[in-house]
Amino acid sequence: MFAALGFSDPLISQIPIRPQKEGNRAAVGDSPITYRKKSVSCKWSPEIGRGIPTEKFFDIPLKLGKEMALKQAKDVFTLIEKPTPHTGTISKDEGPLNLDLWISKMDSFEINFDENGVPLWPQFFLTEDARAEILQSMSSPAPEQVQKLAELVAKKRTEFDERETRRRLVD
Amino acid sequence: MKERLVDDWLTRINERGYQTAFGQVLAAQGFSILRIGHSAYEHGKDVLAVAPNGEIHCYQLKDGDIDIGAFEHDFGQISALVQARPSHPSLPADYIYRPFLVTNGLFTDPALDRILHHNLGWEKLGFSRLELHDGRWLHRHFTDLSLDFWPTSPPDVRQFRRLYLVDGRGDLDSETFARFMGSLLPPDLSRRELERHAAAVNIFASYILGEFYRQNDHWSVFRAWTMTAAAIACASERSGGANDAVNASFTLARDAAREALGALAAECQDENAFKPTHLEWDEYTRVRNAVAMGAWAAWCLLYPEDRGKARACISMLERFVRDGRLGFWGESCLPFVCALSWLAEREGEVGQAKRLWEGWLQAIVSQQQRQSPNPLPDAYTSAEDALLKIADSLSDNEPKRRVATSSYSLLPLVLLLVNRNYKSELETNWKAISQVTLTVFKPDDKAGYLEWRCAKRIGDGSIFQATAIMEGIGRVSFVAQDGQTSVCPPIRLAISPDVRARVFAPSDLEYSWLARCRLQTASR
């Protein structure tokens, strides 16, 4: 340990460090997020009385920043390849467009509830024919369909409550 | 709060960290301190003091609680403390000797019982009994000495808090430290008041430096004690002269600075100490090399009998000069250049010293011209500030504006070169030299040289008279801003054998110039 002027470069020591103190999970908006640590590093062999030359020294943070940005970008693209629980499609080859199909589709969606506990169903964009077809099916639901819908709402309400409970802000 | 802070400091400090404060306690009780410090020849006696009644007291300082294990571990030293009488040129032929074991912690009951039994044996053999001072004793005496001087006004409290709450790793705030010393040593103190204030200054400096001692930041410790000694000397000068008690406080601070310088010099002997431990900008490393080498050289100049360390220092200097590993950041590094050059000359490396002088001269005459676009940082800019300016300038692509520039170090540098009869080097550069404006620091009173910030002063701008040196190197004159020509202090240039012998040794004149330059740096 050498103590002539301090123990580390004043430039390095002025770089602020902000520790993440709240674990590796958080929720932003409606979705839980799992944080994964990403790190980049550089190697340098110290010699007696010799530091890092000016150009190389100022190039190090640039290089590390680029490496980190690349890693982050890679993760972003990996993430967006996964289907989101907020959108979906229904195609004709999945069967007739009726309430049963709609309920089965809703099973994979994230459903939120308003302050009165009413489900906020997602919006659908349909052709006129398809709209008429599903409205026809929904206008006279069978008791089993009503039962399945009630079970779906109860399940989605439980999931919503769990999400809200673990939701917290990240520093 | 004050007691708790002293308690906190005492529990964290090591023995070196409280030794000066302990010496101050003894001095305040009328003791005369003959030696304080650690060496291979101390034989268990870290502090050697003469009591007011003429008894000789020796103290071995320890840190932490002392239990049976710690007592047995240090028993060799403790036996030497009790059984070997001290030797010092100032001691009388016959005296009563009393050994003391001191710690900032506590003695456990089994350890006390062991010491009691050893004392019975030692007394039967005719030795003095070992006496003890523990942390409670130290706490009481440190508190007594500093009680009346604790900062009370919010700015002073803030200053003290800022100085105390540090990492102790190169983060001594010299400006704040100097202001705090100034608040403890106000002007117009009577001699009697000065005694108490000077004692308190040493106690507070010990409090502030606790963390620096713990981290072995010898450079910060050296700087702080040097400033403390200068503050005491300044207050003493202004109060109309010192008495024994004030002299004792000054000596304690000065010796603490000297001990820290020695510790830094010892650290420098391991070449790996110069190896950066973290990612480090090379300019910073080069500047640190220059500071450390300068401090090491200064220590070698203070202790010329240790030739081994001096040769090691010169060897490292040659290596660093050859590899371009020394970074001289601005005008405030003149003392470091002087220390290195003087040591090189003393060790017979005249060529090496000449390279340093010439290199410094070239830097001054090329960058300190009156309207220089890129002047060296002035004598008031610290090494770290100079480095930060360089870092800022790397991203600044704007064309540099010419600024009014003057040099603080050119005049002493020319005198140094004249004293060495480097006539041809001066003649070659004389045109450029004569175009540099010189600044000479002149405080209103001589105590101003000892101030960190000297408010009552003038900066005298002068230039060398271009023709004088061309006519004869023995007559150096310079022209002040008001057009008045003056001749520099007389410089011996006669080539008689005795003077020739002096040419390559630092003269009194040079030392006085060094002192002034160092104080210029200190007196902002």
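Residues numbered from 1 in each chain as written. Chains lettered and ligands numbered in written order. Predicted model: local features only at pLDDT ≥ 70, side-chain atom pairs only at ≥ 80, totals over all residues. Heavy atoms only, no water.

## Let's talk about the overall build of chain B
Inference 1: A count of helical and extended segments in chain B gives 21 helices and 11 strands.
Inference 2: Taken over 524 residues, chain B has a buried fraction of 53%.
Inference 3: When the accessible surface of chain B is split by element, carbon and sulfur atoms take 51% of a total near 23100 Å². (Helix = DSSP H or I, 4+ residues; strand = E, 2+ residues; numbered from the N terminus. Buried < 20%, exposed > 50% of the residue type's maximum accessible area, 1.4 Å probe, protein only. Areas by Shrake-Rupley, 256 points an atom, 1.4 Å probe, with all protein chains shown as cover.)

## Observations concerning the environment of Leu99 of chain A
All names here are of chain A.
Inference 1: In this fold, Leu99 is placed in helix H3 (residues 99-106).
Inference 2: Looking at Leu99, the relative accessible area reads 5%, which means it is buried.
Inference 3: Residues Leu99 and Leu64 lie 35 residues apart in sequence; the distance between their C-alpha atoms is 54 Å.
Inference 4: Those residues within four positions of Leu99 in sequence are excluded, and the remaining contacts are Ser137, Met138, Pro141 and Gln145. (Contact = heavy atoms within 4.5 Å.)

## Notes on the interface of chain A and chain B
Frequently, the measure chosen for interface size is the accessible area removed from exposure when the parts meet.
Inference 1: With 26 residues of chain A at the contact, the number on the chain B side is 39 residues.
Inference 2: At the boundary of chain A with chain B, total buried surface from both sides reaches about 3000 Å², with 66% on carbon and sulfur atoms.
Inference 3: Viewed at the interface, chain B and chain A are joined by zero salt bridges.
Inference 4: There are seven residue pairs in polar contact (both at pLDDT 80 or more) connecting chain A and chain B.
Inference 5: At the level of secondary structure, the elements contributing two or more residues to the side of chain A that touches chain B comprise helix H1 (10-13) and helix H2 (54-80) of chain A.
Inference 6: For the side of chain A that touches chain B, a count of residues per class yields 17 nonpolar, six polar and three charged. (Buried area = accessible area lost by both parts, 1.4 Å probe. Salt bridge = Lys/Arg side-chain N within 4 Å of Asp/Glu carboxyl O. Polar contact = N/O pair within 3.5 Å; in protein donor to acceptor, adjacent residues only side chain to side chain. Nonpolar A, V, L, I, M, F, W, Y, C, P; charged D, E, K, R; others polar.)

## A look at the sheet that holds strand S4 (residues 97-103) of chain B
Residues and elements named next belong to chain B.
Inference 1: Here five strands make up an open sheet; going across it, the order is S1-S2-S3-S4-S5 and the pairing mixed. The open sheet terminates on both sides in strands that have one partner only, identified here as strand S1 (32-36) and strand S5 (131-133). Averaged over neighbouring strand pairs, the angle between their axes works out to 25 degrees when direction is ignored.
Inference 2: Both strand S2 (residues 47-50) and strand S3 (residues 56-62) contribute to a ladder of four bridges, which runs antiparallel. Each residue of the ladder has a partner; that of Val50, found in S3, is Ile56.
Inference 3: The sheet contacts of helix H2 (residues 15-28) involve S1, S2, S3 and S4, and relative to S3 the element is tilted by about 155 degrees. (Pairing = 2+ DSSP bridges. Axes fitted to C-alpha atoms, helices over the stretch in contact; angles between N-to-C directions.)

## With respect to the confidence of the model for chain A
Inference 1: Confidence in the prediction of chain A, expressed as mean pLDDT, is 80, and 77% of residues score 70 or more.
Inference 2: For chain A, strand S1 (residues 25-28) of chain A is the element with the lowest average pLDDT, namely 61, and strand S4 (residues 119-120) of chain A is the one with the highest, namely 92. (pLDDT = per-residue confidence, 0-100.)

## Re the packing of aromatic side chains
Inference 1: This structure, assessed with the given rule, holds 25 aromatic pairs over all chains.
Inference 2: Ring geometry for Phe58 of chain A and Trp281 of chain B: centres 5.6 Å apart, planes at 75 degrees, overall edge-to-face. Within this pair, whereas Phe58 of chain A is found in helix H2, its partner Trp281 of chain B is found in the loop between helix H11 (244-268) and helix H12 (282-302), the two belonging to separate chains.
Inference 3: Under the relative-accessibility criterion, Phe58 of chain A is labelled partly exposed at 34%.
Inference 4: Connected via pairs of aromatic rings, a cluster forms that spans Trp9, Phe142, Phe160, Tyr164, Phe180, Phe204 and Tyr207 of chain B. (Phe/Tyr/Trp six-rings, centres within 6.5 Å; stacked < 30°, edge-to-face > 60°.)

## With respect to the pairing of S3 of chain B
Residue and element names in this part refer to chain B.
Inference 1: Extensive coverage of S3 is indicated by the burial of seven of its seven residues.
Inference 2: Residues Ile56, Cys58, Gln60 and Lys62 of S3 are buried on one face, and the alternating residues His57, Tyr59 and Leu61, pointing to the opposite face, are buried as well.
Inference 3: Counting the residues between successive antiparallel strands, the hairpin from S2 to S3 contains five residues, one of them, Gly54, with a positive phi of roughly 95 degrees.
Inference 4: The pairing of S3 with S4 spans seven bridges and is parallel. Bridging across to S4, Tyr59 finds its partner in Phe100.

## Some details on helix H9 (residues 191-214) of chain B
Residues and elements named next belong to chain B.
Inference 1: Compared with the 34 Å implied by 1.5 Å per residue over 24 residues, the 35 Å span of H9 between its first and last C-alpha is a close match.
Inference 2: The largest bend along H9 measures about 45 degrees and falls at Ile208.
Inference 3: Counting buried residues along H9, 19 of its 24 residues qualify, which places the element largely inside the surrounding structure. (Expected span 1.5 Å × (residues − 1). Bend = angle between axes of the 7 residues up to and from the residue.)

## Observations regarding the nonpolar core
All names here are of chain B.
Inference 1: Ranked by internal contacts, the top residues of the largest apolar core, which has 136 residues, are Phe22, Phe142, Met293 and Trp357.
Inference 2: In terms of residue count, the dominant contributor to this core is H9 (13 residues).
Inference 3: If we ignore the near neighbours within four places in the chain, the residues touching Phe22 are Val47, Tyr59, Leu61, Val102, Trp137, Leu138 and Phe142.
Inference 4: Core analysis: the next-biggest nonpolar cluster, separate from the first, contains 16 residues, Leu48, Ile56, Ile66 and Leu81 among them. (Core = buried A, V, L, I, M, F, W, Y, C linked by side-chain atoms within 4.5 Å.)

## Some thoughts on a nonpolar patch on the surface
Residues and elements named next belong to chain A.
Inference 1: On the surface, Val76, Phe77, Leu79 and Ile80 cluster together into a nonpolar patch covering about 440 Å² of accessible area.
Inference 2: Structurally, the position occupied by Ile80 is in helix H2.
Inference 3: Its relative accessible area of 57% is what places Ile80 among the exposed residues. (Patch = residues over 30% accessible without salt bridge, like charges linked within 9 Å, V, L, I, M, F, W, Y side chains within 5 Å.)

## Remarks on the confidence of the model for chain B
Residue and element names in this part refer to chain B.
Inference 1: For chain B, the mean per-residue pLDDT works out to 83, and 86% of the residues sit at or above 70.
Inference 2: Note on residues 466-478: pLDDT under 50 across the span, and 37 contacts to partners over four residues away in sequence or across chains.
Inference 3: Throughout residues 513-524 the model reports pLDDT below 50, and contacts reaching past four residues in sequence, or to other chains, amount to 41 contacts.
Inference 4: Scoring of the predicted complex yields 0.75 for pTM and 0.71 for ipTM.

## Let's talk about the packing of helix H1 (residues 2-12) of chain B against helix H6 (residues 135-146) of chain B
Helix packing for two helices is described by the angle between their axes and how far apart those axes are.
Residues and elements named next belong to chain B.
Inference 1: At their nearest, the axes of H1 and H6 sit 10 Å apart, and the two run at 130 degrees to each other. Accordingly, the angle class assigned to the pair H1 and H6 is oblique. As for the relative orientation of H1 and H6, their crossing is right-handed in sense. Seen from H1, the contacting residues are Glu3, Val6, Asp7, Trp9 and Leu10; seen from H6, they are Gly135, Leu138, His139, Phe142 and Thr143.
Inference 2: Among the residues making up the contact of H1 with H6, the classes are represented as five nonpolar, three polar and two charged. (Parallel < 35°, antiparallel > 145°, perpendicular 65-115°, else oblique. Left-handed = near helix turned anticlockwise from the far one by under 90°.)

## Remarks on the packing of H2 of chain B against H6 of chain B
Residues and elements named next belong to chain B.
Inference 1: Where H2 meets H6, the axes come as close as 10 Å, and the angle between the chain directions of the two elements is 70 degrees. Classified by the angle between their axes, H2 and H6 sit roughly perpendicular to one another. Taken as a pair, H2 and H6 cross one another with a handedness that is left-handed. Facing H2, whose interface residues are Tyr18, Ala21, Phe22, Gln24, Val25 and Ala28, H6 presents Trp137, Leu138, His141, Phe142 and Leu145.

## A closer look at helix H14 (residues 334-346) of chain B
All names here are of chain B.
Inference 1: If you check H14, its first and last C-alpha atoms are 18 Å apart, about what 13 residues at 1.5 Å a residue would give, namely 18 Å.
Inference 2: Within the sequence span of H14, burial applies to Leu334, Pro335, Phe336, Val337, Cys338, Ala339, Leu340, Ser341, Trp342, Leu343, Ala344 and Glu345.
Inference 3: Positive backbone phi, approximately 85 degrees, marks Gly348, located one or two places after H14.

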